[in-house]
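# Examination of the molecular architecture
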Amino acid sequence: MKPNHTLPVAVLLVMAALALLTPALAPDPHSQDLMASLRAPDAMHWLGTDHLGRDNLARLGEGLRTSLGLALASALLAVALGSALGLLAAARGGWTDRLLSALADGVAAIPGLLW
């Protein structure tokens, strides 16, 4: 049976759209309005406000932008570093290839949670 990837892709697209559109849809995530603290969702604050009166949607969008940006940067760094070291190992061969292969095996042996 072929796996269905439409739901995870749809969730990721919704998150990316929220991260990109939040600055246009929500107020400044850092502006405080103590008179509007802990308000329920309404037309102005779609997800309500926190204890300092900051808009929860704006804060969520800012957090999404940061998280998705860091995830993309780390994935691109891993691809660039892995490709460069793989090309170096293939081009040089010999002890360089063995050393880089042993380093890659050592990195793969450490659980991802520890990284």
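Refer to the structure above for everything that follows.
Let us look at the structure shown here. Keep in mind the model is a prediction, meaning the values are calculated, not measured.

### Remarks on the packing of helix α1 (residues 6-25) against helix α2 (residues 56-92)
Packing of α1 against α2 leaves a shortest axis separation of 8 Å and a crossing angle of 115°. Considering only the axes of α1 and α2, their crossing is left-handed. Mapping the contact onto sequence places L12, M15, A16, L18, A19, T22 and P23 in α1 and L57, A58, L60, G61, L64, R65 and L68 in α2. Its residues assigned to classes, the contact of α1 with α2 comprises eleven nonpolar, two polar and one charged.

### What to know about unusual backbone geometry
Glycine aside, residues mostly have negative phi angles, and peptide bonds mostly take the trans form. Look at L38: it is not a glycine, yet its phi comes out positive at around 55°. Examined against the element boundaries, L38 turns out to sit in the loop between α1 and α2.

### Details of α1
With 20 residues, α1 should reach 28 Å at 1.5 Å per residue; the first-to-last C-alpha distance of 26 Å fits that figure. Within α1, the axis deviates most sharply at A19, by approximately 35°, and proline P23 lies no more than four positions further along.

### Things to note about α2
Taking 1.5 Å per residue as the helical rise, α2 with its 37 residues ought to reach 54 Å, and the 53 Å between its terminal C-alpha atoms agrees with that figure. Of the residues making up α2, those classed as buried are L57, A58, G61, L64 and A89. Those residues of α2 hidden inside the fold are in contact with α1 and α3 (94-109). Measuring from the backbone nitrogen of L57 back to the side-chain oxygen at the start of α2 gives 3.4 Å, which picks out D55 as the cap.

### Examining the pattern of salt bridges
Side chains that differ in charge, positive against negative, can pair when their charged atoms come close. Counted according to the given criterion, the structure contains two salt bridges. With a closest N to O distance of 2.8 Å, D50 and R54 form a salt bridge. Considered together, D50 and R54 belong to a single accessibility category, that of buried residues. Between D50 and R59 there is a salt bridge, with its nearest N and O atoms 2.9 Å apart. According to the relative accessible area criterion, R59 is partly exposed, its value standing at 37%. Connected through shared salt-bridge partners, D50, R54 and R59 make up one network.

About the thresholds
- Residues numbered from 1 in each chain as written.
- Predicted model: local features only at pLDDT ≥ 70, side-chain atom pairs only at ≥ 80, totals over all residues.
- Heavy atoms only, no water.
- Axes fitted to C-alpha atoms, helices over the stretch in contact; angles between N-to-C directions.
- Helix = DSSP H or I, 4+ residues; strand = E, 2+ residues; numbered from the N terminus.
- Left-handed = near helix turned anticlockwise from the far one by under 90°.
- Contact = heavy atoms within 4.5 Å.
- Nonpolar A, V, L, I, M, F, W, Y, C, P; charged D, E, K, R; others polar.
- Expected span 1.5 Å × (residues − 1).
- Bend = angle between axes of the 7 residues up to and from the residue.
- Buried < 20%, exposed > 50% of the residue type's maximum accessible area, 1.4 Å probe, protein only.
- Polar contact = N/O pair within 3.5 Å; in protein donor to acceptor, adjacent residues only side chain to side chain.
- Salt bridge = Lys/Arg side-chain N within 4 Å of Asp/Glu carboxyl O.

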